[in-house]
Every structure is written in structure tokens, then in C-alpha cells.
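Chain and residue survey
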Amino acid sequence: MKHSETVARIQKNKKISETIQEEPNMRIKNHNQIIRLDGRNCFVEALDSAFAIEKVQLNFVSYDDKSNKQTALIPYYLDFTDFMVLEQDILSGRLAKWAETEKAKGAKYPQSIYMQQGGVSAKKLEQRGQKRPDGKSLSRVFKIVPGDKYPFMVQAEQGAGEENDKGLIVSKFGGKPELRVMIPMQSEDTKKFVLMIGAKIRAYMAAQYVYFNKEEYTKQAKEEKDKMDSFRKAN
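Computed from a predicted model, the values in this text were never measured in an experiment.

Regarding empty space enclosed by the protein
As enumerated under the stated definition, the model contains one cavity of 30 Å³ or more in all. The calculated volume of the largest cavity comes to roughly 130 Å³. Lining the largest cavity are 16 residues, and of these Leu86, Phe142, Val154, Phe193 and Val194 sit closest to its centre. Of all elements in the fold, only strand 3 (55–63), helix 2 (80–91), strand 6 (137–146) and helix 5 (187–234) reach the threshold of two or more residues within the lining of the largest cavity. Top contributing element to the lining of the largest cavity by residue count: helix 5, with four residues. In terms of residue class, the lining of the largest cavity is made up of 15 nonpolar, one polar and no charged.

See the structure below:
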């Protein structure tokens, strides 16, 4: 898929997200949605709209139950490779063991057992006309923390960040993000979530393999035919 087509799909999904802003608690399923899991006045959905750049889009959404208006939307783009490692950690039970170990420490607020950081640089924000008042980069953090009543709290945070010397956006908001959405999950929920996404990624990669190999085969077959035609003409 061309980059322009990928951008168009992401923009289309943003329009659907605007619909979610009006009726966020409705189970609106667009053709890009792989799976959605709900918490109390919040949910996380996985989309395939960025598959062409080998990323899974995770939308973390919270809303006010009375007014039915969105209170937060944090999109996070997770690389295929990073997702596959997370999938293995969940299905193998490693993540559950890490959660038990962390909870056993007895801290009031357990540390995250999984975390990825990303975001948008200050330069890109300015180019898009979205410069922050503080001039900083926009940091987004995706993490999983051991829960109290639930085994896991899957959450996204957004706030001020800085671009490091490797070009990565690191958070600078400490424990006080501007936006935070937390979805409690049972162990079975996390498995359902990653299994559905993993199945979609593998189907996409298989389709891409067939598509590109078919093009290459067609190209080689044409080259062979041209060689044979040239040989016949010469003889």
C-alpha cells in the first residue's frame, strides 16, 4: 500500500473517532477495528489503519457517562515487532508472573511491568500547526501495570515530552500526565486482545507476501518470455 493510501486511511479513521466523540459509549465498529475492550466509561480499541507502516493503532478513549461526551482520546502506534513480543509475554504467562512479583513488593502504587514510549516531536507539531504552548514535544506512553481488583491495568498517558539524541520522544511529565486513560483487564481479556490482533497481523503479512511475490513472479515470467521471443527471432 502506498504511503498516500495509508495517510488517507488514518485520516478516515480520525473522522470515525470524531463520531466516537459524540457517542463514545456506543459500540461503533468501523472496518478498521480489530477488537475493542470496555471498562467503566472507557475503552481501548485496536485498528489496522496503520498496518501499511507495520504498526497497530491503539485508541484509548474515556467519556463522561452523563453527558456522553468524550473526555480523552490517546492514540498510540505500536510496531508489529514490539506487539509480537508483548503477545508472547502475555500468552506464555510471563507478564502475569511479572505482575505477581511486582505486587508482592507491597507498594501502594506498583511499577509498570510493560512500557513503550512514543509521540510527536516539537518540530513536527509546529509543521502541522499544532505547536504546544510550552514548545515541547508531545509524549505518549503505553504501559501495563498490576491492578488491585483486576490482574492488569492497561493504560495510556499523554503530556509534555522531549526528543532525545536518538530521535525518540521521552516523557517529561513524571506522574502527572495531561491525559490518562486506564482500562482494567482480566487475564483472559488480555489474551483475547492480543490473539485477535496477532491473527490480523499474520493474515495481513501473508497477504502482502502473496501479493508481492505474485508481482515478482509476473515480472520474471515476462522477462523469460521476452528472452524466448528474442531467441526465436534470432534463430
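Examining the environment of Glu45
Within the secondary structure layout, Glu45 lies in strand 2 (residues 42–47). Taking the relative accessible area as the measure of exposure, Glu45 reaches 1% and is therefore buried. For the pair Glu45 and Val61, spaced 16 residues apart in the sequence, the C-alpha separation amounts to 8.4 Å. Among the polar contacts made by the side chain of Glu45, one reaches the side chain of Gln33 at a distance of 2.7 Å.

Quick notes on unusual backbone geometry
Phi is positive for Glu54, close to 55°, though the residue is something other than glycine. With respect to the helices and strands, the residue Glu54 is situated in the loop between strand 2 and strand 3. Even without being a glycine, Asn68 presents a positive backbone phi close to 60°. Tracing the backbone shows Asn68 in the loop between strand 3 and strand 4 (70–79). With a relative accessible area of 13%, Asn68 lands in the buried category.

Calculation rules
Residues numbered from 1 in each chain as written. Predicted model: local features only at pLDDT ≥ 70, side-chain atom pairs only at ≥ 80, totals over all residues. Heavy atoms only, no water. 1 Å grid on protein atoms, 1.4 Å probe; cavity = no way out; pocket = protein on both sides within 12 Å on 5 of 7 lines; lining within 4 Å. Points joined across faces, edges and corners; volume = space filled by probe spheres on them. Helix = DSSP H or I, 4+ residues; strand = E, 2+ residues; numbered from the N terminus. Nonpolar A, V, L, I, M, F, W, Y, C, P; charged D, E, K, R; others polar. Buried < 20%, exposed > 50% of the residue type's maximum accessible area, 1.4 Å probe, protein only. Polar contact = N/O pair within 3.5 Å; in protein donor to acceptor, adjacent residues only side chain to side chain.

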